[in-house]
Amino acid sequence: MSFAQQRILIIGGSNGMGLAAARSLARDGAEVLIAGRSQAKLDLALATIEGRAAGYVADFTDPASLTALFERIGRIDHLVLAGSSNAAWGPFASVPASALRAAIEGKLVGYWQSLQAALPHLRRDGSVVMLSGAASRTAMPGTAGLAAVNGALTQMAQTLAKELAPLRVNVVSPGLVDTPAYDGMPAEAKAGMFAGAAKSLPAGRTGTPEDIAAAIVYLLGNGFTTGAILDVDGGARMSV
Ligand SMILES: NC(=O)c1ccc[n+]([C@@H]2O[C@H](COP(=O)([O-])OP(=O)(O)OC[C@H]3O[C@@H](n4cnc5c(N)ncnc54)[C@H](OP(=O)(O)O)[C@@H]3O)[C@@H](O)[C@H]2O)c1
């Protein structure tokens, strides 16, 4: 698929799935704009993208930062929302409400205000792809916080697919994917978690950022798809 002449902004494009999507889209001819809070991460990411790409420091939890971002970049054809600042992980009884509030701010509210800030700059019949998470698509003990944030996001996206038409709004729901999001975990615990998940998944493995990037690219490019939730989770919905 060719994305020549397309300007695509990926907020959360300096790492993980967003960066994998940026690489793929730039290879397909798009002009890719990536945003994140850290200039250092943006610089490292840009060095790995072959094609037309630029990086912008922005924090989607801060409306002023988003306004400044869109003033700098101008018109875009598509928007990908791939970041997440906080996650409310853990057994329900151990996750304080403050952690849930932080997770809501660090993803749901961030995506909400990113899209609001983007609207005047986004092509009317362009598209938006948001990343949710498999925890909101099945009942996995220990993930109620993730389910709450990503479930709300998924429902919001489907409503927006009608309200904002002809803009297309779609969701990719990733399962467990090895990205820098897990860099803070002790290596042994991380290896155990990924091995355990791989064994339980119908796909027999956990995901790669490229698995998710392929789904993002598909949803950006297919003009007849809107309001979709694309599960790219190795079959996680059927394995718990
Ligand atoms: N990895 C998984 O197993 C998994 C599973 C299910 C769902 N997900 C979801 O998939 C999405 C991508 O996850 P990932 O694992 O690829 O994440 P990641 O590797 O941690 O990358 C997150 C990206 O978002 C940016 N970011 C974070 N907070 C931001 C903010 N407030 N403003 C602007 N940019 C921000 C980060 O850059 P800076 O830190 O420099 O800002 C980075 O570019 C997330 O929404 C996550 O919840 C992930």
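What you are looking at is a predicted structure, and each value in this text was computed from that prediction instead of being measured. (Residues numbered from 1 in each chain as written. Predicted model: local features only at pLDDT ≥ 70, side-chain atom pairs only at ≥ 80, totals over all residues. Heavy atoms only, no water.)

Below, the discussion takes up the site of the ligand. In the vicinity of the ligand there are 31 residues, among which Ser14, Arg37, Lys41, Thr179 and Tyr182 approach most closely. Phe60 places a main-chain nitrogen or oxygen 2.9 Å from a nitrogen atom of the ligand. The separation between an oxygen atom of the ligand and a polar side-chain atom of Thr179 is 2.5 Å. Summarising the interface, the protein chains cover 91% of the accessible area of the ligand, which totals 900 Å² for the free molecule. Residue assignment for the shell around the ligand shows that the elements contributing at least two residues are helix H1 (16-27) and helix H4 (97-118). The residue makeup of the shell around the ligand, split by class, is twelve nonpolar, 15 polar and four charged. (Near = heavy atom within 4 Å. Polar contact = N/O pair within 3.5 Å; in protein donor to acceptor, adjacent residues only side chain to side chain. Areas by Shrake-Rupley, 256 points an atom, 1.4 Å probe, with all protein chains shown as cover. Helix = DSSP H or I, 4+ residues; strand = E, 2+ residues; numbered from the N terminus. Nonpolar A, V, L, I, M, F, W, Y, C, P; charged D, E, K, R; others polar.)

What follows concerns the packing of aromatic side chains. Per the counting criterion, the structure on display carries two aromatic pairs. Look at Phe60 and Tyr111: their rings are 5.8 Å apart centre to centre, the planes differ by 90°, and that puts the pair in the edge-to-face class. Taken as a pair, Phe60 in the loop between strand E3 (52-57) and helix H3 (63-73) and Tyr111 in helix H4 lie far apart in primary sequence, 51 residues in all. With respect to class, Phe60 is no different from Tyr111; both count as buried. Considering the side-chain rings of Tyr182 and Phe194, the 5.4 Å spacing of their centres and the 85° angle between planes classify their relative orientation as edge-to-face. (Phe/Tyr/Trp six-rings, centres within 6.5 Å; stacked < 30°, edge-to-face > 60°. Buried < 20%, exposed > 50% of the residue type's maximum accessible area, 1.4 Å probe, protein only.)

All right, on to H3 then. Turning to H3, its buried residues number three or more, namely Ser65, Leu66, Leu69, Phe70 and Ile73. Buried residues of H3 fall within an arc of 130° about the axis and therefore sit on the same side. Across H3 from its buried face, at more than 90 degrees, point the exposed residues Ala64, Glu71 and Arg72. The secondary structure elements touched by the buried residues of H3 are strand E1 (7-11), strand E2 (31-36), E3, strand E4 (76-81) and H4. For H3, the side-chain oxygen to backbone nitrogen distance between the N-cap and Ala64 is 3.0 Å, and the N-cap itself is Asp62. Looking one or two residues past H3, Gly74 carries a phi angle of roughly 75°, positive in sign. (Arc of directions from axis to C-beta. Contact = heavy atoms within 4.5 Å.)

Once that is clear, we can look at the nonpolar core. Core analysis: the biggest nonpolar cluster contains 63 residues, and Leu9, Ile10, Leu79 and Met130 have the highest contact counts within it. What Met130 contacts, discounting residues up to four positions off in sequence, is Leu81, Tyr111, Leu115, Leu153, Met156, Ala157, Leu160, Val169, Asn170, Val171 and Val172. (Core = buried A, V, L, I, M, F, W, Y, C linked by side-chain atoms within 4.5 Å.)

Here we have seven strands laid out as an open sheet, ordered E3-E2-E1-E4-E5-E6-E7, and parallel in their pairing. Because the sheet does not close on itself, it has two edges, and the strands there are E3 and strand E7 (229-232). Here the strands of the sheet are splayed against their neighbours by 20° on average, with no regard to which way each runs. In this structure, E2 lies alongside E3, joined through six bridges in parallel fashion. Across the sheet, residue Ile34 finds its bridge partner in E3, namely Gly55. Helix-sheet contacts for H1 involve E1, E2, E3, strand E5 (122-131) and strand E6 (168-174), and the interaxial angle to E1 is about 165°. The sheet contacts of helix H5 (residues 144-163) involve E5, E6 and E7, and relative to E5 the element is tilted by about 160°. (Pairing = 2+ DSSP bridges. Axes fitted to C-alpha atoms, helices over the stretch in contact; angles between N-to-C directions.)

From the geometry alone we can't say anything about function, so treat these as descriptive.
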